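Topology and contacts: notes
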Amino acid sequence: MSVSSAAGTFVVWDYVVFGLTLVVSAAIGIYYAIADGGQKTSQDFLMGGRRMSAMPVALSLTASFMSAVTVLGTPSEVYRFGAMFGLFALCYALVVLISSEFFLPVFYRLGITSTYEYLEMRFSKEVRLCGTAIFIIQTVLYTGIVIYTPALALNQVTGFHLWGAVISTGAVCTFYCTLGGLRAVVWTDVFQVGIMVAGFASVIVRSVVLQGGFSAVLNDSDYGGRLNFWDFDPDPLRRHTFWTILIGGTFAWTGIYAVNQAQVQRYISCKSLFQAKVSLYINLVGLWVILFCAVFAGLCLYSIYKDCDPWTAHIISAPDQLMPYMVMDILRDFPGLPGLFVASAYSGTLSTVSSSINALAAVTVEDLVKPYFRISDSKLSLTSKGLSVLYGALCIGMAGLASLMEGLLQAAISVFGMIGGPLLGLFALGIFFPCANSTGGLVGLLCGLSLSLWVGVGAQLYPPPPGRSRPLSLSTAGCNGSLPAGESNWTAVTWQPPPAHGLWGEEEPRPYLAEHWYSLSYLYFSTVGTLTVIAVGLLVSLSTGGRKQNLESGLTIQKEDLTGYQILSLLKPKNGAREKLNRGANANTKDCGALNPAFSHPEEDMKETQRKKQTVTFIHVTCG
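As the structure is a prediction and not an experimental result, all values here were calculated from the model.

What counts as what
- Residues numbered from 1 in each chain as written.
- Predicted model: local features only at pLDDT ≥ 70, side-chain atom pairs only at ≥ 80, totals over all residues.
- Heavy atoms only, no water.
- Helix = DSSP H or I, 4+ residues; strand = E, 2+ residues; numbered from the N terminus.
- Buried < 20%, exposed > 50% of the residue type's maximum accessible area, 1.4 Å probe, protein only.
- Contact = heavy atoms within 4.5 Å.
- Expected span 1.5 Å × (residues − 1).
- Core = buried A, V, L, I, M, F, W, Y, C linked by side-chain atoms within 4.5 Å.
- pLDDT = per-residue confidence, 0-100.
- Salt bridge = Lys/Arg side-chain N within 4 Å of Asp/Glu carboxyl O.
- Patch = residues over 30% accessible without salt bridge, like charges linked within 9 Å, V, L, I, M, F, W, Y side chains within 5 Å.
- Areas by Shrake-Rupley, 256 points an atom, 1.4 Å probe, with all protein chains shown as cover.
- Axes fitted to C-alpha atoms, helices over the stretch in contact; angles between N-to-C directions.
- Parallel < 35°, antiparallel > 145°, perpendicular 65-115°, else oblique.
- Left-handed = near helix turned anticlockwise from the far one by under 90°.
- Nonpolar A, V, L, I, M, F, W, Y, C, P; charged D, E, K, R; others polar.
- Polar contact = N/O pair within 3.5 Å; in protein donor to acceptor, adjacent residues only side chain to side chain.
- Disulfide = S-S within 2.5 Å.

Along the chain, the regular secondary structure elements total 24 helices and 2 strands. Out of the 624 residues belonging to the chain, those deemed buried represent 59%. Sequence-distant contacts in the chain: of pairs separated by 6 or more residues, those separated by 24 or more amount to 86%.

In structure tokens form, the structure reads like this:
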């Protein structure tokens, strides 16, 4: 349904601000298409020449998965379920710590381009191909969701044609991603994360002024039960509690940051291991800033509409339209600011979609083209650009599937949980357990994927009852005089969520599995997949001779990889240890200081690359 007449509409300045966002993003792509002679090799296009520094990579990491789903979905989540979502700040810290300490050192010293190269080195070609296929499916599905989300916002607040907006989103991303490669993606992300913060700031500042200060917003939220941070109920069927967010959220986001190609591709493109680690920790600050803005925007949303919920009053047709509606309502007297917010949502999508397209092109070239076709690197660069166009078109098509999903935030995290969880389990199996073999990895992956898809798809068919998710009450008692056209007989009520039933209809009882298995918190989908892969993989490996295999030490985590161990080694050297440590640091300067270890041989074929990595570059990094 379109915006009520009580809200504002787009004016010329809104279109100007919005249009400038697209123009600047496209200009960055054009600049990097011609800067330094353009993208001459596949390494230039896919990895930025492995010369990136920490700050732009950090902001790019923040922007890549803080998408329009965050801009629109998180405030709606807080409005309906409370500010408990803010506890994700804790799991983000754990995720960054785990990623930088346990996964990054292994990937970086191997000098890989695709994370799935590791799976062939550690397990087998079959495991690698399975991982690549799963990643491609996962990323296309997720990207479809984040393309559809801002298009919905545009349609709601401006009257733009929904599918025209979907196509334009994908087209702009594909344009600058194809022209400028990873460096264009990273620097447009830097620009776009600034737009995201500015959009949130405009909404928050105006809301606080209207409501009479921060304390008024917090008091309204507290009275309405929205400041519900500390719920320690251990029930795994509860949608959000302290434990589901801390445990389930950590598993879900570790699958994104530790092993997902779109993120790993950025930090291993840094020019040193130190820069890569720093980029992750700076990124953590960015994640916290965006999360705070999104959560507080949700509290502002509740404070303004606590007595007249636009959704249950049928002014809007879906919860994900709440933020666009509020923007057009409270910023209508400030030409340009509504355009800034829509540009914020659009920027979130541009950053995520471009990252996804670049990552899809990278894994396709490295995992499906180079191992089987001997072509020159200049032709690989052209192939990479062609694949960017292809995947851009495919992601636009998959946005149609997203239009059938309810609750975009939950849908997005569910996709990563169902598919990303088993992938995380597979990488963890290889990195942490030297006894794991190829058979165990493959069987574990298939079992973990089957189990997580079973619970995830079942939850879509049989949504958990309200008792599990516990949505908070929304009032329409103050809506008299502000009804949409055609609803003059409407009576004010306090909304309570209706009982949720699945395929069996309103009168039939829910099946046992729907009550106890499909009602599992969506945040635990990733946990189920990860732990199943590890458990099954270990059992199968131990029963098929996993302990007898000869494994290169560089393929698993080493104590020398840990920052704490390195610090202790420097502070407490034993006899002759300091001199030895200094000699080792000097000898490894090329690998962990000035140059990325893969930069010296970007044009070798996959087999030669693997041989050299396994015999030359397995050097324990000791210089931080």
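In this section: unusual backbone geometry. Of note, H314 is a non-glycine position whose phi angle comes to about 65°, a positive value. Note on H314: relative accessible area 41%, which makes it partly exposed.

With respect to the element layout, S526 can be found in helix α20 (residues 525-543). Other than its neighbours up to four places away in sequence, S526 contacts F251, A252, G417 and G421.

This paragraph deals with helix α4 (residues 68-81). With 14 residues, α4 ought to run about 20 Å at 1.5 Å a step, and its terminal C-alpha atoms sit 19 Å apart, in line with that. Burial runs high along α4: 13 of the 14 residues are buried. Residue G82 follows α4 closely and has a positive phi angle near 105°.

Moving on: the nonpolar core. F88, F103, F107, Y118 and Y267 are the most contacted members of the largest nonpolar core, which has 155 residues in total. Those residues in contact with F88, other than ones at most four positions away along the chain, are I245, G249, W253, L291 and L523.

Time to look at the environment of G386. Along the chain, the position of G386 falls in helix α15 (residues 377-402). Residue G386 is classed as partly exposed on the basis of its relative accessible area, which comes to 40%. Once the C-alpha coordinates of G386 and A361 are considered, the two residues, 25 residues apart in sequence, prove to be 8.6 Å apart.

Confidence in the prediction of the chain, expressed as mean pLDDT, is 77, and 78% of residues score 70 or more. For the stretch residues 1-6, pLDDT sits under 50, and the model shows 16 contacts to residues farther than four places along the chain or on other chains. In the model, residues 482-507 has pLDDT below 50 throughout and makes 53 contacts with residues more than four positions away in sequence or in other chains.

Two side chains of opposite charge can pair, provided their charged atoms sit close to one another. Overall, the coordinates contain 10 salt bridges when judged by the stated rule. Among the salt bridges present, the one from K277 reaches E101, with a minimum N-O distance of 3.7 Å. Taken together, the residues K277 in helix α12 (residues 273-305) and E101 in helix α5 (residues 88-110) connect sequence positions 176 residues apart. Note that K306 is salt-bridged to D220, the shortest N-O span being 3.5 Å. One end of the pair, K306, is in the loop between α12 and α13 (322-330); the other, D220, is in helix α9 (residues 214-223), and 86 residues separate them in sequence. On the basis of relative accessible area, K306 is assigned to the partly exposed category, the value being 26%. One connected set of salt bridges, linked through shared partners, spans E120, R128 and D367.

Glancing now at a nonpolar patch on the surface. There is a patch of nonpolar side chains on the surface, built from V11, V12, W13, V16 and L20 and spanning about 490 Å² of accessible area. With respect to the secondary-structure elements, L20 resides in helix α1 (residues 12-34).

Running from amino to carboxyl end, α1 crosses helix α8 (residues 162-211) at an angle of 125°, the nearest separation of the two axes being 7 Å. Classed by the angle they form, the pair α1 and α8 counts as oblique. For the pair α1 and α8, the crossing hand works out as right-handed. Packed against α1, whose contacting residues are T21, V24, S25, A26, I28, G29, I30, Y32 and A33, the element α8 presents F175, Y176, L179, G180, R183, A184, W187, T188, F191 and Q192 at the interface. Of the residues contributing to the contact of α1 with α8, the split by class is 12 nonpolar, 6 polar and 1 charged.

Exposure remark for E101: the relative accessible area of 10% places this residue in the buried category. Excluding residues that lie within four positions of it along the chain, E101 makes contacts with K277, Y281, I557, D561, L562, T563 and G564.

For the rest of this paragraph, the subject is the environment of N283. Checked against the element boundaries, N283 lands in helix α12. The buried category is assigned to N283, whose relative accessible area is 0%. Along the primary structure N283 and Y92 are separated by 191 residues, whereas in three dimensions their C-alpha atoms are 9.9 Å apart. Apart from the residues lying within four places of it in its own chain, the contact partners of N283 are A58, L61, T62, V96 and Y257. Side chain to side chain, N283 and Y257 meet in a polar contact 3.1 Å long.

This paragraph deals with α8. For α8, which comprises 50 residues, the first-to-last C-alpha distance of 33 Å sits more than 12% below the rise-based estimate of 74 Å (1.5 Å per residue). Count one or two residues on from α8 and you reach G212, which has phi positive near 95°.

Applying the stated rule across the entire model yields 1 disulfide. One disulfide bridge connects C308 with C479, the sulfur atoms lying 1.8 Å from each other. On the sign convention where negative means left-handed, the S-S torsion of about 115° between C308 and C479 marks this disulfide as right-handed. Here the residue C308 occupies a position in the loop between α12 and α13, and C479 occupies one in the loop between β1 (474-475) and β2 (494-495), the gap between them amounting to 171 residues.

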